[in-house]
Amino acid sequence: MAHAAPKHDYHLVDPSPWPLVSSIAVTVMMVGAVVWMKGLFGLSGPGVFAAGLAGVLYSMFGWWSDVVKESRRGDHTPVVSLGLRYGMVLFIASEVMFFAAFFWIFFEMALFTEARALIPEIGNWADTASAWSTWPPQGIETLNPWQLPLLNTIILLLSGTTVTWAHHALQVGDRKGARWGLITTVGLGIFFTAVQIYEYNHILHENLFFNDEAMNSGLYGSIFFMATGFHGFHVLVGTLFLTVCLFRLLAGHFSPEKHFGFEAAAWYWHFVDVVWLFLFAFVYVVFG
């Protein structure tokens, strides 16, 4: 009776090493980051971080491969598929709150500049308060939003249409259309990353945010790089997500009725698009 067929719609996961392996790998990676940046126990350099990162990537590949195998052998019943959808929705909601924190500090600094003048002048605070009395702060050279930022906006908006094209094509059984839509979306994601790398190089090479004149205005650069940089990281993750979906499509894993892996990637990509629209509108245009 222990091996009898289940009489419910839920999938009871087989014993798996991946939660333990991935936890150890993440711990090693984060300790390695400290070792790399600050040194620890006489160690230095990126070696420990690289070992942890390799473990994380290995765990991701192994764990998600098992999930794909479960789906292929029919373990993802309608009830399980619904749970996966809820999980993806909640994950994206958590990512929304993640970016809300960056926008919170940005808007606080941009909208309440006059409040800095009311704080008592203690130590070097007077110089900092003076620099923050305007937003962007004194000495900051902002980017022209209608050049590279606009280009990246067009790239992401176009990629949103191509991933929708690929999704619709897959739904109607047009595997060729789905393939080319995914290839185009992945290419646009790579193009976006390349443009952002060029933009960052220009900012750092020209000392637009960090220079002698903007000595007390470093918070602007910190917020800018945290917000746009983490968005860039999400674009990179989304590009990898869609690349895996492309390989799975070529391997025949998806059908018009069963393709949640690709659907989740499309949701994630649209989320990345929407976040960028807010970044472009407020960080580059309104307060730039």
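Residues numbered from 1 in each chain as written. Predicted model: local features only at pLDDT ≥ 70, side-chain atom pairs only at ≥ 80, totals over all residues. Heavy atoms only, no water.

Now for the side chain of aspartate 273. If you trace the backbone, aspartate 273 turns up in helix α8 (residues 260-286). There is no salt bridge for the buried aspartate 273, and the closest opposite charge comes from arginine 85, which lies 19 Å off by N-O distance. In this structure, aspartate 273 is in contact with Leu156, Ser159 and Gly160, ignoring residues within four places of it in sequence. (Helix = DSSP H or I, 4+ residues; strand = E, 2+ residues; numbered from the N terminus. Buried < 20%, exposed > 50% of the residue type's maximum accessible area, 1.4 Å probe, protein only. Lys, Arg positive; Asp, Glu negative; His and termini not counted. Salt bridge = Lys/Arg side-chain N within 4 Å of Asp/Glu carboxyl O. Contact = heavy atoms within 4.5 Å.)

Here the focus is the packing of helix α3 (residues 78-111) against helix α7 (residues 218-250). The interhelical angle for the contact between α3 and α7, taken along N-to-C directions, is 160°, at an axis separation of 9 Å. In terms of their interaxial angle, α3 and α7 are classed as roughly antiparallel. As for how α3 packs across α7, the hand of that crossing is left-handed. Facing Met88, Glu95, Phe98, Phe99, Phe102, Ile105, Phe106 and Met109 of α3, the residues of α7 in contact are Leu219, Tyr220, Ile223, Met226, Ala227, Phe230, His231, His234 and Phe241. When the residues that make up the contact of α3 with α7 are grouped by side-chain class, the tally is 14 nonpolar, two polar and one charged. (Axes fitted to C-alpha atoms, helices over the stretch in contact; angles between N-to-C directions. Parallel < 35°, antiparallel > 145°, perpendicular 65-115°, else oblique. Left-handed = near helix turned anticlockwise from the far one by under 90°. Nonpolar A, V, L, I, M, F, W, Y, C, P; charged D, E, K, R; others polar.)

All right, on to the packing of aromatic side chains then. For the structure shown, the criterion picks out 30 aromatic pairs. Ring geometry for phenylalanine 98 against phenylalanine 99: centres 5.8 Å apart, planes inclined by 85°, an arrangement best described as edge-to-face. Plain terms: the ring middles of phenylalanine 98 and phenylalanine 102 are 5.4 Å apart, the flat faces sit at 85° to each other, and that makes the pair edge-to-face. Taken together, the residues span about one helical turn, with phenylalanine 98 and phenylalanine 102 both in helix α3 at a distance of four residues. Accessibility expressed as a relative area gives 14% for phenylalanine 102, which makes it buried. Every member of this aromatic cluster is reached through a ring pair, and the members are Phe91, Phe98, Phe99, Phe102, Phe230, Phe241, Tyr268 and Phe271. (Phe/Tyr/Trp six-rings, centres within 6.5 Å; stacked < 30°, edge-to-face > 60°.)

Moving on to α8. Across its 27 residues, α8 extends 38 Å between first and last C-alpha, which sits within 8% of the 39 Å expected from 1.5 Å per residue. Approximately 25° is the largest bend angle found in α8, and it occurs at leucine 279. (Expected span 1.5 Å × (residues − 1). Bend = angle between axes of the 7 residues up to and from the residue.)

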